[in-house]
Amino acid sequence: MKPLFVGNWKLYKTPEEAAAMVIELSKRLPAHMNADIAIAPPYIDIPAVVAALKDSPVLIDVSAQNVFWEKEGAYTGEVSASMLVAAGCKYVIIGHSERRQYFGETDEILLKKLTIAITAGLIPILCVGETQAERDAGETFLVLDKQLVNGLKDLSSTFISDLVLAYEPVWAIGTGRTASSEQAQEVHVFIRKRMAEIYNSAFAQNIRILYGGSVKSENIVELMSMPDINGVLVGGASLTATSFSEIIAQGV
Ligand code: PGA
């Protein structure tokens, strides 16, 4: 399966800094790679990043970090899925643990976001993951199961055929503590198994499951050597062209 490398910039970089970084990244990557690459900058940077990548010899796609669940209306401060498509986004991250934790996003809200994103033509990257307390209590699989079942409730396999899942253990995000490749592989196998049970085995075999949480050049090779890890969602280490290009080059 073609791996996917996504850089999630969170709340970093002005439009000018963002454009300069992707130009630099594009220079550092070989033109033909057997990998899909995407950058998820803050909303305000999207037009600058799309413009900067227009003539890039390397295909780097753009992802949003979030989306609103309604098409349009009186929703001050929000951005719609069709606006993101019009701005040039291909992907959208949905349900990142920071959205769940700091902005109260529930599985029910995420289901609405997934639905509108797919309807508008975006490829959603749905994030799931347990906290340290949940892992310690032996509830990892229970938590993931709930996030998957409720987040994807009643969506058909045809509707979500392009869906990407990202396993991001909350305790590994921004902490420097990565899940070991065995821990990540174990969870990815569980997620794939649940996809086979809820949908079917062909769907489960084809779905890309990314790992995220303190991914860096030191652990990328080991993580990507796991059969059920189909790419990575990188936060901090995607902020510089040097570090993100190193991760891609080693992980591909
Ligand atoms: P990190 O973030 O790589 O900085 O841990 C990952 C993420 O939040 O997607």
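First things first, this report covers the structure right here in the doc. (Residues numbered from 1 in each chain as written. Predicted model: local features only at pLDDT ≥ 70, side-chain atom pairs only at ≥ 80, totals over all residues. Heavy atoms only, no water.)

1. Let's talk about the overall build of the chain
- Helix and strand counts for the chain stand at eleven helices and eight strands.
- A compact globule built from 252 residues would reach a C-alpha radius of gyration of about 18 Å, and the chain, at 17 Å, matches this within 12%.
- Counting all 252 residues of the chain, 55% fall into the buried class.
- Within the chain, contacts between residues separated by at least 24 positions form 75% of all contacts whose residues are at least 6 apart in sequence.
- Looking at the chain as shown, the accessible area adds up to about 11,200 Å², and 55% of this sits on carbon and sulfur atoms.
- With 21 positive and 29 negative side-chain charges, the chain shows a spacing of 2 Å between the two charge centroids. (Helix = DSSP H or I, 4+ residues; strand = E, 2+ residues; numbered from the N terminus. Rg over C-alpha atoms; globule rule 2.2 N^0.38 Å. Buried < 20%, exposed > 50% of the residue type's maximum accessible area, 1.4 Å probe, protein only. Contact = heavy atoms within 4.5 Å. Areas by Shrake-Rupley, 256 points an atom, 1.4 Å probe, with all protein chains shown as cover. Lys, Arg positive; Asp, Glu negative; His and termini not counted. Charge placed at Lys NZ, Arg CZ, Asp CG, Glu CD.)

2. Focus: the packing of helix α1 (residues 15–28) against helix α2 (residues 46–53)
- Two elements in contact, α1 and α2, have axes whose closest approach is 8 Å; the angle formed by their N-to-C orientations is 30 degrees. One way to sum up the angle between α1 and α2 is to call them roughly parallel. For α1 against α2, the interelement crossing comes out right-handed. Taken together, the residues of α2 that come into contact with α1 (itself represented by Pro-15, Ala-18, Ala-19, Val-22 and Ile-23) are Ala-48, Val-49, Ala-52 and Leu-53.
- Taken together, the residues of the contact of α1 with α2 break down into nine nonpolar, no polar and no charged. (Axes fitted to C-alpha atoms, helices over the stretch in contact; angles between N-to-C directions. Parallel < 35°, antiparallel > 145°, perpendicular 65-115°, else oblique. Left-handed = near helix turned anticlockwise from the far one by under 90°. Nonpolar A, V, L, I, M, F, W, Y, C, P; charged D, E, K, R; others polar.)

3. Here we look at the site of the ligand
- Neighbouring residues of the ligand: 13 residues in total, closest Lys-10, His-96, Glu-168, Gly-174 and Ser-214.
- Glu-168 is positioned such that a nitrogen or oxygen atom in its side chain is 2.7 Å from an oxygen atom of the ligand.
- Between an oxygen atom of the ligand and a main-chain N or O atom of Gly-236, the distance comes to 2.9 Å.
- A total of 280 Å² of accessible area belongs to the ligand in isolation, and the protein chains cover 95% of it.
- Here the shell around the ligand is built from residues that sort into four nonpolar, seven polar and two charged. (Near = heavy atom within 4 Å. Polar contact = N/O pair within 3.5 Å; in protein donor to acceptor, adjacent residues only side chain to side chain.)

4. Considerations on the packing of aromatic side chains
- Enumeration over the complete set of coordinates arrives at five aromatic pairs.
- Judged by centre distance (4.5 Å) and plane angle (25 degrees), the rings of Phe-141 and Phe-190 are stacked. Taken as a pair, Phe-141 in helix α7 (residues 140–151) and Phe-190 in helix α8 (residues 181–198) lie far apart in primary sequence, 49 residues in all.
- Joined through ring pairs, the aromatic side chains of Phe-68, Trp-69 and Tyr-75 make up one cluster.
- Directly above the aromatic system of Trp-9 lies the positively charged group of Lys-13, at a separation of 5.2 Å from the ring centroid.
- Just above the ring of Phe-103 sits the side chain of Arg-99; from NZ or CZ to the centre is 3.9 Å. (Phe/Tyr/Trp six-rings, centres within 6.5 Å; stacked < 30°, edge-to-face > 60°. Lys NZ or Arg CZ within 6 Å of the ring centre and 35° of its normal.)

5. Here we look at the environment of Glu-182
- For Glu-182, the position within the fold is in helix α8.
- In this structure, the C-alpha to C-alpha distance between Glu-182 and Ser-56, residues 126 residues apart in sequence, is 36 Å.
- With residues up to four places along the chain from it excluded, the contact list for Glu-182 reads Glu-222 and Met-226.

Shape descriptors only; they carry no functional weight alone.
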